[in-house]
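# Working through the structure, step by step
Each chain, written out:
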Amino acid sequence: MEKLIAFYNSSIGKKVTMSLTGLFLCTFLVEHLVGNMILFAGREAFDSYSEFMVANPIIRAVEYLLFASLLFHPLVGLLLWINNKRARPQKYDVYMLKENTPLASRITMLTGSLVFLFLVVHLRTFFIPLRFAEVKPSPYGLVVEAFSSAPYCAFYLVALVFLAYHLRHGFQSAFQTLGLRTKSYIGLLDAVAFIFWFIIPLGFAAMPIYFYFFQPATTAAATALGVH
Ligand code: HEM
């Protein structure tokens, strides 16, 4: 146990924690996107899916791991960022960092903070009412209502651009830290990274766009009532 604590306290221990929690959050994103695609099948399908997820004890157990990762990942990232700032002389910061590292890497702290802010708003809109409201709303109805607002959709689209930037650096960096970004795997890793930083945010972006332009609140209400 002592060895584990000492490892965690080291800089490499913190980087490994970041990599493992980050990769776990990436797998959540795949599951969440696939599940949310059921939105395109309509109210009945999505509400039944949501009910199944809430009632499933395995999913509920994994949710604890998810929320622990959602807390640990940004917290440990902040600690590492503070340590790096303290350790690095100012001149190096100005000269070398800009020249030697790509934009996505330099702004990881900023993109991560904005994704975190997005998550707070997102959980407030969907997760909190679905889990804690006295009268449980329809999950599909909540999505339709949220995405009937242009500023809310715009906020989502901007947040997804930040998510894309965050994943662009984070996914590669995780494998680098774990020592798995070797010559033989680099091509495969770049292809999988592309799916994560480009295809997944694009898939999520399809939802506010679809509901705002093609399934506005009034149409969705009429469909739910069987009015055509
Ligand atoms: C843009 C399309 C999205 C839609 C329509 C959407 C919809 C939802 C809904 C309805 C819930 C509540 C599920 C429930 O409690 O039954 C939820 C939860 C959640 N969402 Fe999203 N989401 C989207 C994008 C995202 C993105 C991009 C992230 C991460 C960056 C994210 C992270 C989460 C988390 C962490 C939860 C709580 C855990 C859970 O309930 O599974 N969502 N989302």
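Look up: the structure comes first, before these words.
So, a few notes on the structure that sits alongside this text. (Residues numbered from 1 in each chain as written. Predicted model: local features only at pLDDT ≥ 70, side-chain atom pairs only at ≥ 80, totals over all residues. Heavy atoms only, no water.)

### With respect to the pattern of salt bridges
Two side chains that carry opposite charge are able to pair once their charged atoms sit near each other. Selection criterion: Salt bridges are identified by distance alone: a Lys or Arg side-chain nitrogen within 4 Å of an Asp or Glu carboxyl oxygen. Runs of E in the DSSP output that reach at least two residues are strands. Runs of H or I that reach at least four are helices, and both are numbered from the N terminus. A 1.4 Å probe rolled over the protein chains alone gives each residue an accessible area, and that area as a share of the maximum for its type sets the label: buried under 20%, exposed over 50%, partly exposed in between.
Evaluated as defined, the whole model comprises three salt bridges. The salt bridge partner of glutamate 63 is arginine 131, with a shortest N-O separation of 2.9 Å. Taken together, the residues glutamate 63 in helix α4 (residues 57-87) and arginine 131 in helix α7 (residues 108-132) connect sequence positions 68 residues apart. Exposure remark for arginine 131: the relative accessible area of 24% places this residue in the partly exposed category. Put simply, arginine 181 and aspartate 190 hold a salt bridge, and the shortest N to O gap is 3.2 Å. By relative accessible area, arginine 181 is classed as partly exposed at 23%. The class for aspartate 190 is partly exposed, based on a relative accessible area of 34%.

### Examining the coordination of the iron atom of the ligand
Where a metal carries four tetrahedral donors, each ideal angle is 109.5 degrees; where it carries six octahedral donors, the ideal angles are 90 or 180 degrees. What counts, and what does not: Note that water is not among the atoms considered, so a metal site may appear incomplete; the donors listed are N, O and S atoms within 2.8 Å of the metal, with 3.2 Å applied to Na, K and Ca.
Looking at the metal site, the iron atom of the ligand is ligated by His32 (NE2) and His122 (NE2), spaced 1.9 to 2.1 Å from it. Classification of histidine 32 by relative accessible area gives partly exposed; the value is 22%. Exposure remark for histidine 122: the relative accessible area of 17% places this residue in the buried category.

### A word on the site of the ligand
Stated precisely, the cut-off is as follows: Only heavy atoms are used to decide nearness, and a residue is near a molecule or strand if one of them lies within 4 Å of it. By the criterion applied in these results, polar contacts are pairs of N or O atoms within 3.5 Å in which, for protein atoms, one can donate a hydrogen and the other can accept it, and in which residues neighboring in sequence qualify only through two side-chain atoms. Three classes are used: nonpolar for Ala, Val, Leu, Ile, Met, Phe, Trp, Tyr, Cys and Pro, charged for Asp, Glu, Lys and Arg, and polar for all others, with Gly counted as polar.
Taken together, 24 residues are adjacent to the ligand, and His32, Asn36, His122, Arg131 and Phe204 come closest. A distance of 3.4 Å is found between an oxygen atom of the ligand and a side-chain nitrogen or oxygen belonging to serine 50. Those elements that provide at least two residues to the shell around the ligand are α2 (11-36), α3 (43-55), α4, α7, α9 (150-177) and α10 (186-214). The leading source of residues in the shell around the ligand is α7, at eight residues. When its residues are assigned to classes, the shell around the ligand shows 19 nonpolar, four polar and one charged.

### As for the packing of α7 against helix α8 (residues 139-146)
Any two packed helices are characterised by how steeply their axes cross, that is the angle between the axes, and by the distance between the axes. The criterion, for reference: Axis definition: a line fitted to C-alpha atoms, limited for helices to the stretch in contact. Angles are taken between N-to-C directions and run from 0 to 180 degrees. Orientation is classified from the angle alone, with under 35 degrees giving roughly parallel, over 145 giving roughly antiparallel, 65 to 115 giving roughly perpendicular, and any other angle giving oblique. In this scheme the crossing of two helices becomes right-handed for a clockwise turn of the near helix relative to the far one and left-handed for an anticlockwise turn of less than a right angle. By definition, residues are in contact when any of their heavy atoms lie within 4.5 Å.
Contact pair α7 / α8: the axes reach a minimum separation of 10 Å and the direction vectors enclose 150 degrees. Judged by the angle between their axes, α7 and α8 are roughly antiparallel. Like other packed secondary-structure pairs, α7 and α8 cross with a definite hand, here right-handed. Facing α7, whose interface residues are Thr125, Phe126, Pro129 and Leu130, α8 presents Pro139, Leu142, Val143 and Ala146. Residues belonging to the contact of α7 with α8 are distributed by class as follows: seven nonpolar, one polar and no charged.

### Digging into a nonpolar patch on the surface
Our working definition: A patch consists of residues whose relative accessible area exceeds 30% and which take part in no salt bridge; residues with like charges are grouped when within 9 Å of each other, and nonpolar side chains (Val, Leu, Ile, Met, Phe, Trp, Tyr) when within 5 Å. With residues, only the protein chains shown are counted as cover, and all accessible areas are computed by Shrake-Rupley using a 1.4 Å probe.
Taken together, Leu157, Ile209, Tyr212, Phe213 and Phe214 make up a surface patch of nonpolar side chains, about 500 Å² in accessible area. With four residues, the single largest contributor to the nonpolar patch is α10. The class for isoleucine 209 is partly exposed, based on a relative accessible area of 36%.

### Details of the packing of α2 against α9
Two numbers describe how α2 lies on α9: the axes approach to 9 Å, and their chain directions differ by 125 degrees. By the angle between their axes, α2 is oblique relative to α9. For the pair α2 and α9, the sense of crossing is left-handed. Each of Ile12, Lys15, Val16, Ser19, Leu23, Cys26 and Leu29 in α2 lies in contact with α9, whose residues at this interface are Leu163, Leu167, Phe171, Ser173, Ala174, Phe175 and Thr177. Across the contact of α2 with α9, the residue classes tally to 10 nonpolar, three polar and one charged.

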